[in-house]
Structures are given as C-alpha cells and as structure tokens.
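Residue-level structure breakdown
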Amino acid sequence: MPVSDSIADLLARIRNAGSAKHKTLDTPFSNTKFAISQILKDQGYISNCEKIEEGVQGSIRITLRYYNREHAIVNIKRISKPGRRIYMPADRLPRVNNGLGTTIISTSHGVMSDKQARLQNLGGEVLCSVW
C-alpha cells in the first residue's frame, strides 16, 4: 500500500512497536529510511538495523532497544512534513532537550544528526527529533 510520507510511517512504526514492547520491526526499504535508522543506531536509540533482500524493494529490520523494560525512545516526532518543509541553516539547528536528544537533518551531504551538521557547518531540511 503506497504511503504519502514514508518517513512519518517509519517513525510511527518505531513508536508503535516500542509501545507494544516488540523486539524487532520490519519496514519497506528506502535509502532515506535506512540512513535515519543508521543514525538512530549510532545515537543508541535502537540496537541494530539491517537491510533484508527480499522481493523487489527489500525491507529494513530494526531491533529495538529497551532500558529497564522501557523503550529507549521517549518521543520521536516528525518536524518537516510534505505539506510544510522546514529548512534551517547550521547556526539555527534546533537542540532537543538541551542537547540530550537528537535532530535528524537531510543535508546536501546526506542525512546526518544535528551534531554532525553543526561540525560540518551544514544546514538542511529538519526531518525529525528524537529523545
């Protein structure tokens, strides 16, 4: 079934699987969703993500992370939406919970966290925030 906002679909799947205490979840593959999953893995919000080669498109298998039976992601929120894109320069990138969370940015050099974008002095589209 086609989805108009595949990134929002990924975030909703992660949020719902965490609420239901699932160990893993599968979602259709796209390069952007895989890059977002890699950032979540690097930041410690999920345990693992891997591409599963099946069918034409393939899928992403995400292994969720829990601490004391609580999901590691307290909240995950889509910022830029298809109807309203949000772009920010490097010096105005938002800080989530005074730097305790992560904002994921789509830049001209690929998808990266807000900390990486500030280090490289890159702005771009603000995709989502996680804490």
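Structure's up top.
Anyway, here's the lowdown on the structure attached to this text. (Residues numbered from 1 in each chain as written. Predicted model: local features only at pLDDT ≥ 70, side-chain atom pairs only at ≥ 80, totals over all residues. Heavy atoms only, no water.)

Ordered by their spatial adjacency, 3 strands build an open sheet running β1-β3-β2, and the pairing between neighbours is antiparallel. Of all strands in the sheet, those bounded by a partner on one side alone are β1 (24-28) and β2 (46-52). Strand-to-strand twist of the sheet, defined as the mean angle between neighbouring strand axes without regard to direction, takes the value 20°. As judged from the 5 bridges shared by β1 and strand β3 (residues 59-64), these two strands associate in the antiparallel manner. By the bridge assignment for β3, Pro28 is matched with Ser59. (Pairing = 2+ DSSP bridges. Helix = DSSP H or I, 4+ residues; strand = E, 2+ residues; numbered from the N terminus. Axes fitted to C-alpha atoms, helices over the stretch in contact; angles between N-to-C directions.)

For the rest of this paragraph, the subject is unusual backbone geometry. Phi is positive for Lys21, which is not a glycine, with a value near 60°. Within the secondary structure layout, Lys21 lies in the loop between α1 (6-19) and β1. On the basis of relative accessibility, which here comes to 46%, the residue Lys21 falls in the partly exposed class. Even without being glycine, Asn121 reaches a positive phi, approximately 55°. The residue Asn121 is located in the loop between α3 (114-119) and β10 (124-130) in this model. Here Asn121 falls in the exposed class, since its relative accessible area comes to 61%. (Buried < 20%, exposed > 50% of the residue type's maximum accessible area, 1.4 Å probe, protein only.)

For the rest of this paragraph, the subject is helix α2 (residues 31-42). Compared with the 16 Å implied by 1.5 Å per residue over 12 residues, the 16 Å span of α2 between its first and last C-alpha is a close match. The complete set of buried residues in α2 reads Lys33, Ile36, Ser37, Ile39 and Leu40. Buried residues of α2, seen end-on, are gathered within an arc of 160° and therefore sit on one face of the element. Summarising the geometry of α2, the exposed residues directed more than 90 degrees from the buried face are Asn31 and Asp42. Residue Gly44 follows α2 closely and has a positive phi angle near 90°. (Expected span 1.5 Å × (residues − 1). Arc of directions from axis to C-beta.)

So, on to the pattern of salt bridges. Per the counting criterion, the structure on display carries 6 salt bridges. Residue Arg85 pairs with Glu125 through a salt bridge whose shortest N-O separation is 3.0 Å. With Arg85 in the loop between β6 (76-78) and β7 (87-88) and Glu125 in strand β10, this residue pair connects regions lying 40 residues apart in the sequence. The class of Arg85 is partly exposed, set by a relative accessible area of 40%. Judged by its relative accessible area of 12%, Glu125 falls in the buried class. A salt bridge links Asp114 to Arg118; its shortest N-O distance comes to 3.4 Å. Here Asp114 and its partner Arg118 are both found in helix α3, 4 residues apart, which amounts to about one turn of the helix. You can call Arg118 partly exposed: its relative accessible area is 22%. (Salt bridge = Lys/Arg side-chain N within 4 Å of Asp/Glu carboxyl O.)

This part covers the packing of aromatic side chains. Throughout the structure, instances matching the rule amount to 1 aromatic pair. Directly above the ring of Phe29 sits Lys51, whose terminal nitrogen or CZ lies 4.2 Å from the centroid. (Phe/Tyr/Trp six-rings, centres within 6.5 Å; stacked < 30°, edge-to-face > 60°. Lys NZ or Arg CZ within 6 Å of the ring centre and 35° of its normal.)

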